Amino acid sequence: MLALGGITRIFGTFDGVRAMMESALTARDRVGVQDFVLLENFTSEAAFIENLRKRFKENLIYTYIGSVLVSVNPYKDLEIYTKNHMERYRGVNFYEVSPHIYAVADNSYRSMRTERKDQCILISGESGAGKTEASKKILQYYAFTCPASEQVQTIKDRLLQSNPVLEAFGNAKTLRNDNSSRFGKYMDIQFDFKGAPVGGHIINYLLEKSRVVHQNHGERNFHIFYQLIEGGEEDLLRALGLERNPQQYQYLVKGNCPKVSSINDRSDWKMVRKALTVIGFNEDEVEELLNIIASVLHLGNVQYGGEEGNVCITSDTQIKYLARLLGVNGAVLTEALTHKKIIAKGEELMSPLNLEQASSARDALSKAVYGRTFTWLVNKINASLTYTNYSVIGLLDIYGFEVFQHNSFEQFCINYCNEKLQQLFIELTLKSEQEEYEAEGITVRHHFLLSLSEKFKGIISILDEECLRPGDASDLTFLEKLEDTVGGHAHFVTHKLADAKTRKVMGRDEFRLLHYAGEVNYNVNGFLDKNNDLLFRNLKEVTSFPILFPSSLHPFLTSFSLFSVCLCLPLQAATQFKASLAKLMEILMSKEPSYIRCIKPNDSKQAGRFDEVLIRHQVKYLGLMENLRVRRAGFAYRRRYEVFLQRYKSLCPDTWPNWQGKLADGVATLVKHLGYKPEEYKLGRSKIFIRFPKTLFATEEALETRKHSLATKLQAGWRGYSQKSKYQKLRTSAIAIQAWWRGILARRRAQRRRQAADTIRRFIKGFIYRHRERCPENEYFLDYVRYSFLMKLHRNLPKNVLDKSWPTPPAALAEASEHLRKLCMQNMVWSYCKKISPEWKHQMEQKMIASELFKDKKDNYPQSVPKLFVSTRLNGEDINPKVVQALGSEKMKYAVPVTKYDRKGYKARPRQLLLTANSAVIIEETKLKQRIDYGALKGISVSSLSDGLFVLHVSSDDNKQKGDVVLQSDHVIETLTKIAICSDKINSININQGSITFTVGQGKEGIIDFTPGSELLVAKAKNGHLSCSQTAPNSSIVVQPLLLQTCVTL
């Protein structure tokens, strides 16, 4: 891929579109040749069609015949008309790019600009072949690529918007095409000296007026009628007297096809209204125009009745609408539609019409009104595009050669036009070829073209004579006169003059002409009427109304009425068409022509379908084989020396890689090396001419073979060059980077040394002045000391609330250090407290109270510290239900088993101590033995030893109490803490050493003596005291310091 890509760039194939025609020759078996001139068997129609087929299957719809473009309608959207494509074809040599309509448009534009000669582009083909679309694409190309200004943009818009207007009034749905142009159109696009489109002019030919009153089954009238009915506003339709139903109008129902799936009449109506505004129509002009269109529909609905010879109009409503819309007298119009005026011997007579004549008169008026309206519309568009001092590119969009099962006057005129255009094409092509050969100094003769210049003569003149002669002239008398006058011509045959075999396929009312494209049978019925195309005199008089075209519409219409009444003999339709065609030929002869031949691939409008029979028919009738033979009469291929040498120079060692001498000598050297025979080529003054395509194919295949070996050499050379260049760049870059980096490093080292010296100097000076007040000499040192302390503090902050370590601050920061220490401790305490749960907080509060009461005061306190206080020491089963019932609503806060010592004899009895919110209750099984209200509780005494005895001192004023209560608990610290909290007697707990005095009752006192001993023993001593001996606390018990200290701290 790299090899072929490199060669492609060298030989000038720049991208997918801008590729020389020769680059596709190696793929000709798949996609065909881009120029039919390069067909090996150029005389074979089968080879011609097969080449079309190959390209059509690959969506390559454009092919050249020399400078003629053949276009096949794809019936689908192709991505080949984008702005990018327009840019690629702008200003590019014709043969540097693949075939495209943009190439033809650009070539004509550049020729007009460089040669200062007017151009024209002739577009021909059958209905549905894409002629109208081709002209649109050309206009779009010029609108995009040509210079523009505000004024020029207005003209561009008018040129582009003229298309939808002309299509609405001149196009219709036919069996072959949903948007068929039913008129011939020649448009001049006018350019100023800068090459910008500044104006235009349109000439129309042979509008199919008969379609106004009659359509074949499956066809429609002109688009404008359906667009008006479908898209017109309700108020507009009401003013015009129309209904939103095309089935109500006789001129719209004959084809039985009011709706077409591919046409949106409503949106097209909006487009036409917008286009009329852009072109320059004011509201009054649009209103008058629509009045005339509506009047045609009303004319079609005019109905006749009455007896033969006394016809009358039965639809008075239509006459009223016509009188209002056209501005005529209703009675006069009614008479004109039912009578004809005859002048005999200077007298005017009114002769009544029969039913058939009246219907014909009505239809003739409708056709005439619509035809003259269309002509006025074209003139109005021309007036909006008028410009002086211009160059011109003309676009001719006209019918192709037509051959139907039934051919009449219209086909005769169309085919006559195509015969003239084909003759013109042959003459201009031959002239162009001969001029090129003469310019290059090459002699070529075209003997075979002489027979193509022959053509028939006299038919139109005979038709005019028959229309104008007095007497009973008819279509059959016209046929007889043809037989008498031109019957001996080799290209003319009738049933009477034909042989027996031909008579079987010809009617007696037909004549046959041998055209360049083949034989065509014409039926003479209707020839005279269509050629006359006359209105009765009184119809002309009544329709000479200025309301149709008021003077305000355009200056040149000031004194113009739709139909002028004159006494001179009118020109027949064929003669008028012949004269306008002659003028067209003069226009085309004065310009440099380009040709586009449009082909329809099938009649069903299906994408991808290639109907060979239909294609062969069009190839024949378009005269494409004749075009090809004219082009191939001399040389099949021609190129300028520089182009040919640039492409093929690698095939000869003497011309590769560059030729330094004259181009002609280089090409001569090259073809000599390639072994061209003298009869295969000729060298002109600036071009090489190759006679046979096979010679070019062999050269192209040799180039394709050469590409691979050449690509290898080019790759090797390029890789060596690129790697060497890359190494040189890398080496140069490395040296530059190294030098730059070394400089950076050296500057950094020097800077660091200076900074270090400055720092040391400032530090030493600061140390010397460290005891002075802050000054410039010591501020750096002091700041450093502060910074060092803060950083040391940052690294050694206390980890928890029990960590009392703190770095020693310098003297200047002593106060700040103390503030920081307190803040740090507060923060750690706050953080610790945030993490404490409510349960643990309650536990800690109790422990704090216990610490305040017993720390360093009672020997067994340290053993209680690691043990958690509980809410009760008795389960629900341990307390008798009767006791709970006796307590009533009092809520029990704490319960613990205790031992009570009697006041007399100090006998130990098991009891339960219950604490409520208001009192302490001593329980004996099911009885409440004693209730001590907290208000009567004077204090609590306990020894400093590790025993569990304690005394509850009660007030002697309370008659319910018999004296103080002596109790013993295994959880004395917890029990006393609970009693102190519940009774709010924290300060009433006394810790005694040696003995405790308590009240026994009736003024008597008892004493408890506490002595150390080997074991715990509580008994009555001989002296009558209660003796309590207690062992020393167990020193092996480990107290949790963290918990203890935390409790103390909090």
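Residues numbered from 1 in each chain as written. Predicted model: local features only at pLDDT ≥ 70, side-chain atom pairs only at ≥ 80, totals over all residues. Heavy atoms only, no water.

- If you check an unreviewed UniProt entry, the protein appears there as Myosin Ic, paralog b from Sander lucioperca.
- Quoted straight from UniProt, the Sequence similarities (unreviewed entry) entry for the protein says "Belongs to the TRAFAC class myosin-kinesin ATPase superfamily. Myosin family." (UniProt positions renumbered as here; feature names shortened; annotations may be inferred.)

## Some thoughts on the side chain of Gln-618
In step 1: Looking at the element boundaries, Gln-618 is found in helix α23 (residues 612-621).
In step 2: A residue is classified by how much of its surface remains accessible, and Gln-618, at 1% relative accessible area, is buried.
In step 3: In contact with Gln-618, other than residues within four places in its own chain, are Glu-126, Cys-598, Ile-599 and Lys-600. (Helix = DSSP H or I, 4+ residues; strand = E, 2+ residues; numbered from the N terminus. Buried < 20%, exposed > 50% of the residue type's maximum accessible area, 1.4 Å probe, protein only. Contact = heavy atoms within 4.5 Å.)

## Notes on the pairing of strand β15 (residues 518-523)
In step 1: In terms of residue burial, β15 counts as a mostly covered element, since five of its six residues are buried.
In step 2: Sheet analysis places strand β14 (residues 510-515) next to β15, joined by six bridges and oriented antiparallel. Bridge pairing in β15 places His-515 opposite Gly-518. (Pairing = 2+ DSSP bridges.)

## A closer look at the sheet that holds strand β13 (residues 492-494)
In step 1: Strand order in the open sheet made by the three strands is β13-β14-β15, with antiparallel pairing throughout. Both outer strands of the open sheet, β13 and β15, are each paired with one neighbouring strand and no more. Taking the axes of each pair of neighbouring strands and ignoring which way they run, one obtains an average angle of 25 degrees across the sheet. (Axes fitted to C-alpha atoms, helices over the stretch in contact; angles between N-to-C directions.)

## With respect to a nonpolar patch on the surface
In step 1: Nonpolar side chains collect at one region of the surface, where Ile-760, Ile-764, Phe-767 and Ile-768 lie side by side and expose about 400 Å² of accessible area between them.
In step 2: In this structure, Ile-768 sits in helix α27 (residues 693-768). (Patch = residues over 30% accessible without salt bridge, like charges linked within 9 Å, V, L, I, M, F, W, Y side chains within 5 Å. Areas by Shrake-Rupley, 256 points an atom, 1.4 Å probe, with all protein chains shown as cover. Salt bridge = Lys/Arg side-chain N within 4 Å of Asp/Glu carboxyl O.)

## Structural notes on the UniProt feature "binding site: ATP" (unreviewed entry) in the protein
In step 1: Mapped onto the present numbering, the UniProt feature "binding site: ATP" (unreviewed entry) falls on Gly-125, Glu-126, Ser-127, Gly-128, Ala-129, Gly-130, Lys-131 and Thr-132.
In step 2: For Glu-126, the position within the fold is in the loop between β3 (119-125) and α6 (131-145).
In step 3: On the accessibility criterion, Glu-126 (6% relative accessible area) is buried.
In step 4: The contact partners of Glu-126, leaving out residues within four places of it in the chain, are Lys-131, Arg-176, Gly-400, Phe-401, Cys-598, Lys-600, His-617 and Gln-618.
In step 5: Relative to the helices and strands, Lys-131 resides in helix α6.
In step 6: Discounting residues that sit within four places of it in the chain, Lys-131 has contacts with Ile-123, Ser-124, Gly-125, Glu-126, Asp-397, Ile-398, Tyr-399 and Cys-598.
In step 7: At 3.0 Å, the side chain of Lys-131 and the backbone oxygen of Gly-125 are in polar contact. (Polar contact = N/O pair within 3.5 Å; in protein donor to acceptor, adjacent residues only side chain to side chain.)

## Observations regarding the packing of aromatic side chains
Each aromatic ring pair is specified by the distance between its two centres and by the angle formed by the two planes.
In step 1: Applying the stated criterion across every chain, the model contains 27 aromatic pairs.
In step 2: With centroids separated by 6.0 Å and ring planes inclined at 75 degrees, the aromatic side chains of Phe-511 and Phe-527 adopt a geometry described as edge-to-face. Taken together, the residues span a long stretch of sequence, with Phe-511 in strand β14 and Phe-527 in helix α20 (residues 527-532) at a distance of 16 residues. An identical accessibility class is assigned to Phe-511 and Phe-527; each is buried.
In step 3: With centroids separated by 5.3 Å and ring planes inclined at 80 degrees, the aromatic side chains of Phe-763 and Tyr-784 adopt a geometry described as edge-to-face. (Phe/Tyr/Trp six-rings, centres within 6.5 Å; stacked < 30°, edge-to-face > 60°.)

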